[in-house]
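An overview of the molecular structure
These are the residues of each chain, in order.
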Amino acid sequence: MNRRKAMVGILAVTGMGIAAFTTKKFFFGNPKVQRGQLRQHLSLITEMIDIIIPPTDTPGAKEAHVQDYILGYMEFCAPNKEYVNFLHGLYEVQDSCNNMYGANFEGCTMEEKNEILKDLDGSYSANDFINKIEVKLRGRSFFTILRSLTIEGYCTSKLGATELLAYQPIPTVYQAEINIQPTQKAWATR
Amino acid sequence: MEGQENIYHFDAIVVGSGISGGWAAKELTEGGLKTLVLERGRNVEHIKDYTTAAKHPWEFEHGTHLTQEELKERPIQSSHCNATDKHFYVKDSEHPYIQEKPFKWIRGYQVGGRSLTWGRQSYRLSDLDFEANRKDGHGVDWPIRYKDIKEWYDYVEEYVGISGAVNSLAHLPDGVFLPPIPMNAIEKHLEESIGKNYKDRMLINGRVANLTQPKKGRGPCMYRNLCSRGCPFSGYFSSNSTTLVDAFNSGNLTLRENAIVKEVVYDEASKKAQGVKIIDAITKEEITYYAKIIFLNASAIATASILLNSVSDSFPNGLGNSSLQIGHNLMDHVVNEGTYGTYNGLLDKYYVGRSPGTIYIPRFQNLDDKTKSTDFIRGYGIQGKGSRENWETKKTEGFGITLKEQLETPGKWKISLGGRGEVLPNYENRISLDYQNRDQWGLPLVKVHFEYGSNEIAMMEHMTKTSEEMLRKAGFENVGSYRTSPPPGSAVHEMGTVRMGRDPKTSVLNKYNQMHDVRNVFITDGSCMTSSACQNPSLTYMALTARACHYALNQLRSDLL
């Protein structure tokens, strides 16, 4: 019950709270934010992505170095809005962990970590329309960014593309129609 | 002395090395002319300079994403390129132009031009297209008909290698085809459904310049579907892999890169063009090259701007511009937002390899009285592609092992459709030169003024509506269309600015793409187009170029130029 409440707190902060914090910036031109701040959160990012895509009989996101991909994307490619959202999201995850469990994310038990991700995952609006407006106004939310970059980074990594998925660099032929095998994996590339 | 002179004197000059310039180079050099090809950008050597072609997805630092810095340099081009092929697109920051209304001018300044990154769709025009202007009064009449160009379509298709199927459609003539790229299960499903539900239209294999069989040491296609990076297997047609190679092998080609053409130099005494003045892109030195004939193949907007900047006593409004039509009648193809849908079935079917081709629904409006539209004149075709969703397109939920399972399995079938419609020639749609604003070489900036008319807008709405309807009738779910339509120019089919016509008072080029006013200048890039039709235009540029080259060679032999 307490945990729930605290997480609702996170959600409010990650959603509306950030907006309040940065509203002015969002409405008066591009928010200026200092890049280069994410490396110090690398261990948190790494821990989180390895829960999003954990090691099983195929490698997890951490082994595929997805944390480096995310770092690179956020520092060099992300729009400012997303950078701000992402950075604040990381701080808030740690704050909430400390409030709820008395430890930062890395120090939490696997069960606690899973609970936190579950709540973050449920945080994005089920309403597509409201979601779209939110994204347009404020950029993608923290967990949306983290989750989709984890998928992208993993599926384009060597381990992800060749072990979880099927990757053919040079198909040489095009068989337009084959009967699928039960073990058929999805193609890594289109 | 003589040796020195040879550096600057040629039989022919070709401006531009893209898809039509490459053809001019090949035909003229093989016809025995010492030919100088001028390219404003850098050299791109076939295979060697396809620096990303062999890279795996994980070898790009940020996947396909451009960095914020790269985006800032490419506010316009970035909608058409990504990290894997950005080096074949210009930086807008280095090559500015003025948009009076939004118009995307997508450019590739390098040897091979946009033939490296083109969509490879290759369709013939027919008399439905060549007669359209005369019948409905828009623009001027084409000076040619299908019978004038048919053998030249045959000629270039045989060389290029177009994969396609014979469909026996009068308004989309069959050509010299390699075997088509086959349709996958969902594409066949839509083909059958359209055949069943509609009498007026059919779905066919897209006709693409990808080699389904080897040709003259090129190809075949390896089905990587990474064409825009340049193909190390020469699996698709580009100037670099074909025409320029043959031109070089003729022994008659001189290729000069980094040569920005400033103007065509006119000789008042002979009433002919003498040569071309260039600015070296790097040293900024001005040099004049001389030749008996000149082919302009710089692409529609650039060719018009060169002519407008070529001012002389006889032509104060630009070379060969007594009609005052140069720069006007700019056209592109109108493209809609794009429609998609998923299909809950055929889940036992998949494919191996990645098709570089498409499916195509040829124009089915205003072909005859029965197909007459009340909303618009002329028409559009629809291109599409079907595939099964993977991690890029699939909507996944949750995290952990369940997420991995969702990523691992092939998703539903999905089809995307996009219309390509004819844009009417309109004098008001134009490019001009702004002498108050200049680029780093001191050349006036190009100013583009372009707006869709009501016909284009009606067509755009219609293509979205019919695309959605066809998918619904075929049992697709989640059918929808993207809500923002791409700005004009997005089809990268700009054309019409130096049009062909019968009357020198209302057109710039005659039926052999020769300037009415200056008989030794030929223009065979997109600027020559009298109307836009709705077919992807490159094949027509190639056929017109080969045809004009043979005409010019004959004229030269008869001493008429």
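It should be emphasised that the depicted structure is a prediction, and the values quoted were computed from it without experimental measurement.

Here's the deal with the overall build of chain A
- Looking only at helices and strands, one finds eight helices and one strand in chain A.
- Along chain A, helices (α) and strands (β) appear in the sequence α-α-α-α-α-α-α-α-β when read from the amino end.
- Counting over 190 residues, chain A shows a buried share of 48%.
- Look at the contacts in chain A between residues 6 or more apart in sequence, and 67% of them connect residues 24 or more apart.
- Only carbon and sulfur atoms are counted for the fraction: they give 56% of the accessible area of chain A, which is about 9,400 Å².

Things to note about the pairing of strand β2 (residues 35–38) of chain B
Residue and element names in this part refer to chain B.
- Burial of β2 is two-sided: the residues T35 and V37 facing one way and the residues L36 and L38 facing the other way are all buried.
- Relative to β2, strand β1 (residues 9–15) is paired through four bridges, and the arrangement is parallel. Bridging from a neighbouring strand, I13 pairs with L36 of β2.
- Assessed by its sense of winding, the connection that carries the chain from β1 through helix α2 (residues 19–30) to β2 is right-handed.
- Here four bridges tie β2 to strand β8 (residues 253–256), and the two strands are oriented parallel to one another. Bridge pairing in β8 places L36 opposite T254.

Examining the interface of chain A and chain B
- Taken together, the contacts link 54 residues of chain A with 49 residues of chain B.
- Together, the buried faces of chain A and chain B total about 4,800 Å²; carbon and sulfur atoms form 61% of this surface.
- When residues of chain A are sorted by the area they lose upon contact with chain B, Y174, W187 and R190 of chain A head the list and together hold 18% of the total.
- For the pair chain A and chain B, the interface holds four salt bridges.
- Residue E392 of chain B pairs with R190 of chain A through a salt bridge whose shortest N-O separation is 3.5 Å.

Calculation notes
Residues numbered from 1 in each chain as written. Chains lettered and ligands numbered in written order. Predicted model: local features only at pLDDT ≥ 70, side-chain atom pairs only at ≥ 80, totals over all residues. Heavy atoms only, no water. Helix = DSSP H or I, 4+ residues; strand = E, 2+ residues; numbered from the N terminus. Buried < 20%, exposed > 50% of the residue type's maximum accessible area, 1.4 Å probe, protein only. Contact = heavy atoms within 4.5 Å. Areas by Shrake-Rupley, 256 points an atom, 1.4 Å probe, with all protein chains shown as cover. Pairing = 2+ DSSP bridges. Right-handed = clockwise from strand over helix to strand, strands pointing away. Buried area = accessible area lost by both parts, 1.4 Å probe. Salt bridge = Lys/Arg side-chain N within 4 Å of Asp/Glu carboxyl O.

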